[in-house]
Amino acid sequence: MDDGTVSVPDEQYERLAALAAARGVSPETQLARLIDDAYAGLDGDGDAPESLPLGVCDGSDEE
């Protein structure tokens with residue numbers, strides 16, 4: 001992934017900073033992890049719905 005600039009509104013930055021502090025990382029590291037997780041979700045290599053724990057869905061509308 002290319003390095004770039006991301007703008008985060010003040011109220012969301014406070015939430016990001018709190019989440020990062022709870023995980024013991026910097027807000028920048030936490031934001032990078034969130035972006036990486038979002039891109040990973042686009043891979044289609046996620047777990048099959050039947051392998052997920054009870055009560056967890058994969059976000060699809062298929063039954």
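Check the entry above for the structure.
This section reports on the structure supplied with the text. The structure presented is a predicted model; accordingly, all values stated were derived computationally and were not measured.

### A closer look at the overall build of the protein
Okay, so step 1: The secondary structure content of the protein amounts to two helices and zero strands.
Okay, so step 2: Counting the 63 residues in the protein, one finds 6% classified as buried.
Okay, so step 3: Summing over all exposed atoms, the protein offers an accessible surface of approximately 5600 Å²; the carbon and sulfur share of this is 49%.

### Some details on helix H1 (residues 10-23)
Okay, so step 1: The terminal C-alpha atoms of H1, which comprises 14 residues, lie 20 Å apart, in line with the 20 Å expected from a rise of 1.5 Å per residue.
Okay, so step 2: At the exit of H1 stands Gly24, carrying a positive phi of roughly 75 degrees.

### What to know about the packing of H1 against helix H2 (residues 27-40)
Okay, so step 1: Remark: H1 packs on H2, axes separated minimally by 8 Å, with the N-to-C direction vectors making an angle of 95 degrees. By the angle class used here, H1 and H2 are roughly perpendicular. From H1, Tyr13, Leu16, Ala17, Leu19, Ala20 and Arg23 reach across to H2, where they touch Pro27, Glu28, Gln30, Leu31 and Leu34.
Okay, so step 2: Of the residues contributing to the contact of H1 with H2, the split by class is eight nonpolar, one polar and two charged.

Rules used in this analysis
- Residues numbered from 1 in each chain as written.
- Predicted model: local features only at pLDDT ≥ 70, side-chain atom pairs only at ≥ 80, totals over all residues.
- Heavy atoms only, no water.
- Helix = DSSP H or I, 4+ residues; strand = E, 2+ residues; numbered from the N terminus.
- Buried < 20%, exposed > 50% of the residue type's maximum accessible area, 1.4 Å probe, protein only.
- Areas by Shrake-Rupley, 256 points an atom, 1.4 Å probe, with all protein chains shown as cover.
- Expected span 1.5 Å × (residues − 1).
- Axes fitted to C-alpha atoms, helices over the stretch in contact; angles between N-to-C directions.
- Parallel < 35°, antiparallel > 145°, perpendicular 65-115°, else oblique.
- Contact = heavy atoms within 4.5 Å.
- Nonpolar A, V, L, I, M, F, W, Y, C, P; charged D, E, K, R; others polar.

In short, the description is geometric, and any link to function would need to be established separately.
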